[in-house]
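Understanding the architecture of this molecule
So the chains spell out like this:
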Amino acid sequence: NGDPWAAWSVAVCLAVGITAFGSVLTIFWLPSTASGGVPAIIALLNGINLRKDFMLQHMIVKLVGGVLAVGSGLCVGPEAPMVFIGACVGA
């Protein structure tokens, strides 16, 4: 006999908290991970030295941020972050 409004508010607060944590990772720790990453991969393949954008920290923030975004119910296209994570592993 739970209150549906209480359950709804808990679900919304949980989603907002998860989204905020993922956003804080991107905004304050590594702002360069805010984009999908495909233009950086193209630039790297064309000879631009962007090795500093393909470090382990970038891969972790992309992975954790993507998981948190999907877990909070946001619509996230998984293609670009997965391509970027693959490029980080290969670089």
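Residues numbered from 1 in each chain as written. Predicted model: local features only at pLDDT ≥ 70, side-chain atom pairs only at ≥ 80, totals over all residues. Heavy atoms only, no water.

A few words now on the overall build of the chain. The helix and strand inventory of the chain stands at 4 helices and 0 strands. Taking 12 Å as the expected radius of gyration for a compact globule of 91 residues, we find that the chain reaches 16 Å, considerably beyond that expectation. Principal-axis analysis of the C-alpha atoms gives the chain an extent of 60 × 25 × 15 Å. The buried share among the 91 residues of the chain stands at 29%. Contacts spanning at least 24 positions in sequence make up 71% of the contacts within the chain whose residues lie at least 6 apart. Of the roughly 6,100 Å² of accessible surface on the chain, a fraction of 73% belongs to carbon and sulfur atoms. (Helix = DSSP H or I, 4+ residues; strand = E, 2+ residues; numbered from the N terminus. Rg over C-alpha atoms; globule rule 2.2 N^0.38 Å. Buried < 20%, exposed > 50% of the residue type's maximum accessible area, 1.4 Å probe, protein only. Contact = heavy atoms within 4.5 Å. Areas by Shrake-Rupley, 256 points an atom, 1.4 Å probe, with all protein chains shown as cover.)

This part covers the nonpolar core. Grouped together as the largest cluster of nonpolar side chains are 11 residues: Ala 40, Ile 41, Ala 43, Leu 44, Leu 50, Phe 54, Met 59, Phe 84, Ile 85, Ala 87 and Cys 88. Elements that contribute at least two residues to this core include exactly helix H2 (38-45) and helix H4 (79-90). When sequence neighbours within four positions are dropped, the list of residues in contact with Met 59 reads Ile 85, Cys 88 and Val 89. (Core = buried A, V, L, I, M, F, W, Y, C linked by side-chain atoms within 4.5 Å.)

Together, Phe 21, Trp 29, Leu 56, Ile 60 and Val 64 line one region of the surface with nonpolar side chains, adding up to about 490 Å² of accessible area. Sorting the residues of the nonpolar patch by element identifies helix H1 (4-29) and helix H3 (56-71) as the ones contributing at least two each. Element by element, the count of residues in the nonpolar patch is highest for H3, at 3 residues. One can find Ile 60 in helix H3. The exposure class of Ile 60 is partly exposed, given its relative accessible area of 40%. (Patch = residues over 30% accessible without salt bridge, like charges linked within 9 Å, V, L, I, M, F, W, Y side chains within 5 Å. Salt bridge = Lys/Arg side-chain N within 4 Å of Asp/Glu carboxyl O.)

By themselves, these figures tell us nothing about what the structure is for.
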